[in-house]
Amino acid sequence: MTQLSPPEAWLQQTAARRSPDLRQERAVRTREQILFAAAELFAQAGFQKTSIKDVADRAGVTKGAIFFHYPTKEILATAVVEAHYSRWPDLLARAQAQGLSPLDVAFEVLDQAAVAFRDDLVVRAGARLQIERSLIDAPLPRPYEGWTDVLATLLHDARDSGELRPGTDPDAAARCLVASFFGTQHISDTLSQRADLLERWADMRELLALSLRP
């Protein structure tokens, strides 16, 4: 058996210690690569018209690599929808960090969500998959409820600080905000693939602000 010199032994031991971390990093990168490729295809073609082979070709990996990380297309679709929802807590935190009033935070969150729906492929894919949820044999997160809860909390705070028009019910107002925002983004998607979403939302936002502020 060949005796390793001290430097060679050190390098071999270092490589052995690092290799699990490197494998893990590669696995994470591959998983993210697959997820983003799937999001692109789901956003463009939808769930039924996207195959695992399509995703593999777009991601530049084998079908086996996809099945290693996502055993079924339904699991892959669920992961894309969950990634869609993972965007929103950071967005809310950024809005709250600006030192805005509660009502202004609510509108800032929706303003930034409009940008995400226009520009972020994962958000666009998650929205399309939620519309196609009846075609996906897997439990997906329930849409709209989280948004309604967050906005209701902000609007209760806005009422307590005197930002809401007297007599406004924060819970009803939150439901109206959610319906108005998601209706606007759906219409924009249908008519222009969300190219005019920011303009449409600006019009809706102005009307909502006039109705909510004292």
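Residues numbered from 1 in each chain as written. Predicted model: local features only at pLDDT ≥ 70, side-chain atom pairs only at ≥ 80, totals over all residues. Heavy atoms only, no water.

(A) Up close: the packing of helix α4 (residues 73-96) against helix α6 (residues 121-131). The N-to-C vectors of α4 and α6 enclose an angle of 120°; their axes lie 8 Å apart at closest approach. Of the possible angle classes, the one that applies to α4 and α6 is oblique. Seen along the crossing, α4 lies across α6 with a hand that is left-handed. Residues Ala-77, Val-80, Val-81, Ala-83, His-84, Tyr-85, Arg-87 and Trp-88 of α4 form the contact with α6, whose own contacting residues are Val-122, Val-123, Ala-125, Gly-126, Ala-127, Leu-129 and Gln-130. Per-class residue counts for the contact of α4 with α6 are eleven nonpolar, three polar and one charged. (Axes fitted to C-alpha atoms, helices over the stretch in contact; angles between N-to-C directions. Helix = DSSP H or I, 4+ residues; strand = E, 2+ residues; numbered from the N terminus. Parallel < 35°, antiparallel > 145°, perpendicular 65-115°, else oblique. Left-handed = near helix turned anticlockwise from the far one by under 90°. Contact = heavy atoms within 4.5 Å. Nonpolar A, V, L, I, M, F, W, Y, C, P; charged D, E, K, R; others polar.)

(B) Main features of the nonpolar core. Judged by nonpolar contacts, the single largest core of 34 residues is most densely connected at Trp-88, Phe-107, Phe-117, Trp-147, Leu-151, Leu-177 and Phe-181. Every element with two or more residues in this core is listed here: α4, α5 (102-119), α6, α7 (145-160), α8 (170-192) and α9 (197-212). With ten residues, α5 is the largest single contributor of residues to this core. With residues near it in sequence (within four places) discarded, Leu-151 still touches Ala-106, Leu-110, Ala-174, Leu-177 and Val-178. Ranked by size, the runner-up nonpolar core spans 26 residues in total, among them Ala-39, Leu-76, Ala-77 and Val-122. (Core = buried A, V, L, I, M, F, W, Y, C linked by side-chain atoms within 4.5 Å. Buried < 20%, exposed > 50% of the residue type's maximum accessible area, 1.4 Å probe, protein only.)

(C) Layout of the packing of α7 against α8. One way to put it is that α7 packs onto α8 with a least axis distance of 8 Å and a crossing angle of 130°. Looking at the two axes, α7 sits oblique to α8. Considering the relative orientation of α7 and α8, their crossing is right-handed. For the pair α7 and α8, contact is made by Trp-147, Thr-148, Leu-151, Ala-152, Leu-155, His-156 and Arg-159 and by Pro-170, Asp-171, Ala-173, Ala-174, Arg-175, Leu-177, Val-178 and Phe-182, respectively. In terms of residue class, the contact of α7 with α8 is built from ten nonpolar, two polar and three charged.

(D) Just the pattern of salt bridges, in detail. Tallied over the full model, the rule gives eleven salt bridges. For the salt bridge of Arg-205 with Asp-111, the shortest nitrogen-to-oxygen distance reads 2.9 Å. Taken as a pair, Arg-205 in helix α9 and Asp-111 in helix α5 lie far apart in primary sequence, 94 residues in all. Overall, Arg-205 belongs to the partly exposed group, its relative accessible area being 25%. Put simply, Arg-128 and Glu-132 hold a salt bridge, and the shortest N to O gap is 3.0 Å. Take Arg-128: its relative accessible area is 29%, and that puts it in the partly exposed class. (Salt bridge = Lys/Arg side-chain N within 4 Å of Asp/Glu carboxyl O.)

(E) Highlighting the UniProt feature "DNA-binding region" (unreviewed entry) in the protein. Look at the UniProt record and you will see "DNA-binding region" (unreviewed entry) annotated at residues 51-70. For the annotated span residues 51-70, helix accounts for 75% and strand for 0% of the residues, and the straight-line distance between the end C-alpha atoms is 13 Å. (UniProt positions renumbered as here; feature names shortened; annotations may be inferred.)

(F) Seen up close, the UniProt feature "domain: HTH tetR-type" (unreviewed entry) in the protein. Per the UniProt record, the feature "domain: HTH tetR-type" (unreviewed entry) sits at residues 28-88. Taken end to end, residues 28-88 is 80% helix and 0% strand, and its two terminal C-alpha atoms sit 22 Å from one another.

(G) View of the packing of aromatic side chains. For the structure on display, the rule yields ten aromatic pairs. Here the aromatic rings of Trp-88 and Phe-117 are separated by 5.7 Å at their centres, their planes lie at 20°, and the arrangement is stacked. Of this pair, Trp-88 sits in helix α4 while Phe-117 is found in helix α5, placing the two residues 29 residues apart along the sequence. By relative accessible area, Trp-88 is classed as buried at 9%. Here Phe-117 falls in the buried class, since its relative accessible area comes to 1%. Ring geometry for Phe-181 and Phe-182: centres 5.1 Å apart, planes at 85°, overall edge-to-face. (Phe/Tyr/Trp six-rings, centres within 6.5 Å; stacked < 30°, edge-to-face > 60°.)

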